[in-house]
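Structural overview
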Amino acid sequence: MKKGFKSIALMLVVMMFAVIVAACNKNESKVSVGIVLPTKDEPRWVQDEQRFKDALSGTKYTTEILFSQGSSAKEKENVETLINKGIKVLIICPQDGDAAASAVEAAKKEKIKVIAYDRLITNTDAVDYYVTFDSEAVGAAQAQYLVDHAKGSGEPLYLYAGAASDNNAFLFFKGAWKVLQPKIADGTFKIANSSEAIALKDTANFELPRDRDQLSKIIGQITTNWDANEAKNKAQTHLTAAAADMKGDVAILAPNDGTARSIADVFASDKAITSYVVTGQDAEKASIQYVIEGKQSMTVFKDVRTLVKDAMGMAVSILDGKAVATTGEYDNQKIKVKAKQTNVITVDKDNVKKELVDSDYYKADDFKGLK
Ligand code: BGC
């Protein structure tokens, strides 16, 4: 009897110990917020990673950041890894808006809240929130810059867009088109490199998602796929094909900084281009240097600190069981996703110091020739 009692007690102790060890192991790999970013190959997303790290030091919740390296399969794998680590909130910037649906659906099955970060995840109901910049305003700011710096009339306009797999490419182009179209209609600009844009030149505004197919035709023709090399090759092809009346002083809608620099280099090396005005976005350091040197005309500054703060703020509200603050909604072609949106700032050589250095975003000695 006594012996039996002893062995039961021993067994209980062993079992308790096993439970404690298991709990410790689980805690070791436990993560509250999983963050998935598209690629380390573009400075934009490496910057987001750094801004997340800056914002996370000192928070009580654990986080882990994984990169998808341009692959939706890798992205899905990353999400599964994070699900297995017990995340309660997933912050994800999709590589491809449609393809990411299955990854976030897997998260939703585990009752994980999903926050789309910067790029919307489309055609699924498994997105809870969207944290973003005002992407239409980005395109509008780029276009407005071209309009404000147009030289007379009949100026050739070269159009470039982002990747069609990124919902933002549509928002950027829609925003730009609304500003450019009246100036195409009144003869300020003539479209140099897109028969699809010429075919739709009388459309004053595209509504999304309603007019997605029409926009797809233009974007399909002028896409850079967010790839600097593809942008360079396209620009070379366009300039080789361009007649003399499509050279001289030109305007170029380039969708972001990475593509802007390579497109600008191509235009700068063509002797028949007298001058060019070229847009960008992201305020990448290399582009800020280009702006200072007059090789890129402008960029749109999207303060990633705010985006990160909003995304983490949302995640913490969810974890704390508090209400999540949003300011609007975005149609993802399946549902309306509650969204928090941030404004953007046009930057050129005149305000680059004020907006990017005086604001402590970058250090003055990151650049040469800054006045
Ligand atoms: C982002 C841009 C970025 C681009 C390419 C877009 O979705 O909003 O900031 O330049 O993707 O990565």
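Residues numbered from 1 in each chain as written. Predicted model: local features only at pLDDT ≥ 70, side-chain atom pairs only at ≥ 80, totals over all residues. Heavy atoms only, no water.

1. Comments concerning the layout of surface pockets
The test is simple: Here a cavity is any set of points on a 1 Å grid over the protein atoms alone where a 1.4 Å probe fits but cannot get out, and a pocket is any open set with protein on both sides within 12 Å along at least 5 of 7 lines; a residue lines the site when it has an atom within 4 Å of a point. Grid points are joined across faces, edges and corners, and a volume is the space filled by probe spheres set on the points. Numbering of helices and strands runs from the N terminus; a helix is a DSSP stretch of H or I covering at least four residues, while a strand is a stretch of E covering at least two. For this classification, Asp, Glu, Lys and Arg are treated as charged, while Ala, Val, Leu, Ile, Met, Phe, Trp, Tyr, Cys and Pro are nonpolar and the rest, including Gly, are polar. In this document the domain limits rely on a domain assignment from an automatic tool or a database.
Approximately 330 Å³ is the volume attributed to the largest pocket. Along its surface, the largest pocket is lined by 21 residues, and Thr39, Glu42, Asn225, Trp226 and Asp227 are the ones closest to its centre. By residue number, the principal contributor to the lining of the largest pocket is helix α10 (residues 257-268), which donates three residues. In the lining of the largest pocket, the residues fall into five nonpolar, nine polar and seven charged. Summarising the domain contributions, the lining of the largest pocket has at least three residues from each of domain 1 (31-127 + 304-342) and domain 2 (135-302 + 347-366).

2. Re the site of the ligand
So the rule is basically this: A cutoff of 4 Å decides nearness: a residue is near a molecule or strand if any of its heavy atoms lies inside that distance of it. Distance and chemistry together define a polar contact, namely a pair of N or O atoms within 3.5 Å, with one atom able to donate a hydrogen and the other to accept it when in protein, and with adjacent residues in sequence counting only for side-chain atoms on both sides. Surface accessibility follows the Shrake-Rupley procedure with a 1.4 Å probe radius. Residue values consider only the protein chains on display as shielding.
Close to the ligand lie 13 residues; Glu42, Arg44, Asp118, Asp166 and Asp282 are nearest. A distance of 2.8 Å separates an oxygen atom of the ligand from a polar atom in the side chain of Arg44. Asp118 has a polar side-chain atom sitting 2.7 Å from an oxygen atom of the ligand. Protein burial of the ligand: of its 310 Å² of free accessible surface, 100% is covered by the chains. Every element with two or more residues in the shell around the ligand is listed here: α2 (43-56) and α6 (167-185). Of the residues in the shell around the ligand, the class split is three nonpolar, three polar and seven charged. When residues of the shell around the ligand are sorted by domain, at least three fall in each of domain 1 (31-127 + 304-342) and domain 2 (135-302 + 347-366).

3. Some words on the domain arrangement of the protein
Which entries qualify depends on this criterion: Should any heavy atoms of two residues lie within 4.5 Å, those residues are considered in contact. Throughout, buried area stands for the accessible area (probe radius 1.4 Å) lost by two parts on being put together, summed over both. Between Lys or Arg on one side and Asp or Glu on the other, a salt bridge is scored when a side-chain nitrogen of the former is within 4 Å of a carboxyl oxygen of the latter.
What the domain assignment reports for the protein is domain 1 (31-127 + 304-342) and domain 2 (135-302 + 347-366). Placing the centre of domain 1 and that of domain 2 at their C-alpha centroids yields a distance of 28 Å. With 17 residues of domain 1 at the interface, the matching set in domain 2 holds 17 residues. Buried area between domain 1 and domain 2, both sides added, is near 1,500 Å², and the carbon and sulfur share of it is 40%. If you look at where domain 1 meets domain 2, you find one salt bridge. In this structure, Arg119 and Asp166 form a salt bridge, with 3.1 Å as the shortest nitrogen-oxygen distance.

4. Some words on the packing of aromatic side chains
Cut-off, in case you're wondering: Ring pairs shown here join Phe, Tyr and Trp side chains whose ring centres sit within 6.5 Å, with only the six-membered ring taken for Trp; geometry is labelled stacked below 30 degrees between planes, edge-to-face above 60, and tilted in between. Relative accessibility decides the category of a residue: with a 1.4 Å probe and only protein chains considered, values under 20% of the type maximum give buried, values over 50% give exposed, and everything between is partly exposed. Lysine and arginine charges are scored as sitting over a ring when NZ or CZ, respectively, is within 6 Å of the ring centre and within 35 degrees of the ring normal.
Here the structure, examined in full by the defined rule, presents nine aromatic pairs. Look at Tyr158 and Phe267: their rings are 4.9 Å apart centre to centre, the planes differ by 75°, and that puts the pair in the edge-to-face class. In this pair, Tyr158 is assigned in strand β6 (residues 155-159) and Phe267 in helix α10, connecting sequence segments 109 residues apart. Assessed through its relative accessible area of 1%, Tyr158 is described here as buried. For Phe267, a relative accessible area of 0% translates into the label buried. Taken together, a centroid distance of 5.8 Å and an interplanar angle of 50° make the contact between Trp177 and Phe206 tilted. With a gap of 29 residues between them, Trp177 in helix α6 and Phe206 in the loop between α7 (195-199) and α8 (212-222) connect regions that are remote in the sequence. Summarising the burial analysis for this pair, Trp177 and Phe206 share the class buried. Through successive ring pairs, a cluster of aromatic residues spans Phe301, Tyr361, Tyr362 and Phe367. Across the ring face of Tyr361, the terminal group of Arg51 is positioned such that the distance to the ring centre comes to 4.1 Å. One residue, Lys295, lies across the ring of Tyr290, its end atom 4.4 Å from the ring centre.

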